[in-house]
Amino acid sequence: NATNNTNLYLTYSRGYRIGGTNTSLDSRFESYDPETSDNFELGAKGRLFDNRLEFALSAFYIQRNDIQLQVAEPGSNGFNFVTLNSGDGQNLGLEMDLNFILSKGLRLSYNLGLLNAEYTTLELLDAEGNPISLEDKKAIISPPSTSNLMLDYTKVIRLGSNDLVFNGNIQWTRQSEIFFDFSNTVSQEAYSLFNTRVGADYKGIGLYFWVQNISDEQYIQWSAPVAPISTLGAPRTYGVTMSYEFN
């Protein structure tokens, strides 16, 4: 404990992913070795301003060895995938979570993630089976920054022996550019989404109205690295959710 309201921690762990075998007639791809990682994390958690602010801060470093990657088998035209030990990598990042009580029932929360994830060595094979060196490329689906900001309001009204609970929130999320292929040629640029939800609970019955992707942002959620196939994120979506809690 650094103070009565703040805790500091330091952790180390070692990760291990077992090896295995592939379904392939090519002897080069019959099996693959285990993948290991060394994980270090330093952080702090606590409360400030008469417990109105909760915070969590952390910094981490991960060293990955003999990374297992699933890739299209050369000569299969993308119809067969094999797992290979393709190289080494490292992740260096920072994370911050803040929750601040602005007033009774009104809360502001913010989350920030910063990440530098790259392959320090990476060797793959082209369609003919020739080696391709892709060292120092950014790791796939690893955005350098993510953010989430939410304003949430709750109001409780006593009605006889039961509570009527109103709740509403609005949320903003942002994701920086990500890559979907190991060559870092297929990507989705940075984008932001806005969501909102409002409703109430009474006697175990909940009724909420919500809107996702208010600004109708168009973005790629996933893309196949070996074929021109992409999945788009959901467009602006409206909905109503009703629930009942059995006692």
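Here the structure is a predicted model, which is why all the values come from computation and not from measurement. (Residues numbered from 1 in each chain as written. Predicted model: local features only at pLDDT ≥ 70, side-chain atom pairs only at ≥ 80, totals over all residues. Heavy atoms only, no water.)

(A) Highlighting the overall build of the protein. Of the regular secondary structure elements, the protein holds zero helices and 20 strands. For the protein, whose C-alpha radius of gyration is 24 Å, the value lies well above the compact-globule estimate of 18 Å for 247 residues. In terms of principal-axis extent, the alpha carbons of the protein reach across some 75 × 45 × 35 Å. Here the protein holds 247 residues, and the buried ones make up 32% of them. Long-range pairs, those at least 24 residues apart, make up 54% of the contacts in the protein between residues at least 6 apart in sequence. Counting only carbon and sulfur atoms, one obtains 55% of the accessible surface of the protein, whose full area is about 15400 Å². Averaging the positions of the 17 positive and the 28 negative side-chain charges in the protein gives two centres separated by 16 Å. (Helix = DSSP H or I, 4+ residues; strand = E, 2+ residues; numbered from the N terminus. Rg over C-alpha atoms; globule rule 2.2 N^0.38 Å. Buried < 20%, exposed > 50% of the residue type's maximum accessible area, 1.4 Å probe, protein only. Contact = heavy atoms within 4.5 Å. Areas by Shrake-Rupley, 256 points an atom, 1.4 Å probe, with all protein chains shown as cover. Lys, Arg positive; Asp, Glu negative; His and termini not counted. Charge placed at Lys NZ, Arg CZ, Asp CG, Glu CD.)

(B) Structural view of the packing of aromatic side chains. Enumeration over the complete set of coordinates arrives at five aromatic pairs. Where Tyr 12 meets Phe 40, the ring centres are 4.9 Å apart and the plane angle is 45°; that geometry is what we call tilted. Here Phe 40 lies in strand β4 (residues 35–48) and Tyr 12 lies in strand β1 (residues 6–17), a separation of 28 residues in the sequence. The exposure class assigned to Tyr 12 is partly exposed, which follows from its relative accessible area of 46%. Connected via pairs of aromatic rings, a cluster forms that spans Tyr 12, Phe 40 and Tyr 61. The side chain of Arg 197 reaches across the aromatic face of Tyr 208, ending 4.0 Å from its centre. (Phe/Tyr/Trp six-rings, centres within 6.5 Å; stacked < 30°, edge-to-face > 60°. Lys NZ or Arg CZ within 6 Å of the ring centre and 35° of its normal.)

(C) Spotlight on a nonpolar patch on the surface. On the surface, Val 198, Ile 205, Leu 207, Phe 209, Val 240, Met 242, Tyr 244 and Phe 246 cluster together to form a nonpolar patch covering roughly 870 Å² of accessible area. Along the chain, Phe 209 turns up in strand β17 (residues 205–212). (Patch = residues over 30% accessible without salt bridge, like charges linked within 9 Å, V, L, I, M, F, W, Y side chains within 5 Å. Salt bridge = Lys/Arg side-chain N within 4 Å of Asp/Glu carboxyl O.)

(D) Region of interest: the pattern of salt bridges. Scanning the entire structure with this criterion turns up six salt bridges. Close ionic contact of Arg 64 with Glu 35 constitutes a salt bridge, the shortest N to O distance being 3.1 Å. Highlighted residues: Arg 64 in strand β5 (residues 53–65) and Glu 35 in strand β4, separated in sequence by 29 residues.

(E) Structural view of the side chain of Ser 147. Its place among the elements puts Ser 147 in strand β12 (residues 145–159). Ignoring sequence-local partners within four residues, the contact set of Ser 147 consists of Tyr 110, Asn 111, Leu 112, Trp 172, Thr 173 and Arg 174.

(F) Spatial organisation of the environment of Leu 159. One can find Leu 159 in strand β12. Classification of Leu 159 by relative accessible area gives partly exposed; the value is 38%. Counting along the chain gives 79 residues from Leu 159 to Tyr 238, while the straight-line C-alpha distance between them is 30 Å. Leaving out residues up to four positions away in the same chain, Leu 159 has contacts with Leu 164 and Tyr 202.

(G) Examining unusual backbone geometry more closely. A positive phi angle, near 70°, is found at Asn 51, a position not held by glycine. Along the polypeptide, Asn 51 turns up in the loop between β4 and β5. On the basis of relative accessibility, which here comes to 40%, the residue Asn 51 falls in the partly exposed class. With a phi angle near 55°, Asn 213 is a residue other than glycine that sits in the positive phi range. Within the fold, Asn 213 resides in the loop between β17 and β18 (220–223).

(H) Up close: the environment of Met 242. If you trace the backbone, Met 242 turns up in strand β20 (residues 237–244). Sequence spacing of Met 242 and Ser 76 is 166 residues, and the spatial spacing of their C-alpha atoms is 48 Å. In this structure Met 242 touches Gly 206 and Leu 207, once residues within four positions along its chain are discounted.

(I) Summary view of the nonpolar core. Leu 69, Val 71, Tyr 119, Leu 122, Leu 124 and Phe 182 are the most contacted members of the largest nonpolar core, which totals 13 residues. In this structure Leu 122 touches Leu 69, Ser 86, Gly 87, Ile 132, Ser 133, Leu 134, Glu 135 and Phe 182, once residues within four positions along its chain are discounted. (Core = buried A, V, L, I, M, F, W, Y, C linked by side-chain atoms within 4.5 Å.)

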